[in-house]
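Residue-level listing of the chains:
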Amino acid sequence: MNLTNEDKEYLHETFISRKECGECTRGIREELAEGSTAFATIRQDLQYIKEKIDSKSKFNVSVVISVIQGLCTLLVTLIAARLGT
C-alpha cells in the first residue's frame, strides 16, 4: 500500500486526535467523579442558605403583620374612645 504524505498526515491527525480525545475525556470524567462530592456539598449549602432566607423572610412578614395588627388595634381603641366621650 503506497500512501502519500497527505494520506499519512491525515491518518496521523485522525487517529492521534481520537486517542488524545479519549485521554482528555477520561481525564474529565475522573475530575468530575472526584468533584461530584463538591457539587453535592455545594447543593446542600445552597439548600441550607435558601431555607435560612425563607425562614427569615417568614419571620419578618409575621413581625410586620403583628405590628400592623397592633397599630390597627390601637387606632380602633382611640377611635372608640373619642366616639365614647
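The preceding data block contains the structure.
Residues numbered from 1 in each chain as written. Predicted model: local features only at pLDDT ≥ 70, side-chain atom pairs only at ≥ 80, totals over all residues. Heavy atoms only, no water.

### Thoughts on the overall build of the protein chain
In terms of helices and strands, the protein chain carries 1 helix and 0 strands. Out of the 85 residues in the protein chain, the part that is buried amounts to 1%. Roughly 8100 Å² of accessible area belongs to the protein chain as shown, and the carbon and sulfur atoms make up 63% of that amount. (Helix = DSSP H or I, 4+ residues; strand = E, 2+ residues; numbered from the N terminus. Buried < 20%, exposed > 50% of the residue type's maximum accessible area, 1.4 Å probe, protein only. Areas by Shrake-Rupley, 256 points an atom, 1.4 Å probe, with all protein chains shown as cover.)

### Quick notes on a nonpolar patch on the surface
Together, Ile-42, Leu-46, Tyr-48, Ile-49 and Ile-53 make up an exposed nonpolar region whose accessible area comes to about 520 Å². Among the secondary structure elements, Ile-49 is positioned in helix α1 (residues 5-84). The partly exposed category is assigned to Ile-49, whose relative accessible area is 43%. (Patch = residues over 30% accessible without salt bridge, like charges linked within 9 Å, V, L, I, M, F, W, Y side chains within 5 Å. Salt bridge = Lys/Arg side-chain N within 4 Å of Asp/Glu carboxyl O.)

### Observations regarding a negative patch on the surface
Residues Glu-6, Asp-7, Glu-9 and Glu-13 make up a contiguous surface patch of negative charge. Mapped onto the fold, Glu-9 is located in helix α1. (Lys, Arg positive; Asp, Glu negative; His and termini not counted. Charge placed at Lys NZ, Arg CZ, Asp CG, Glu CD.)

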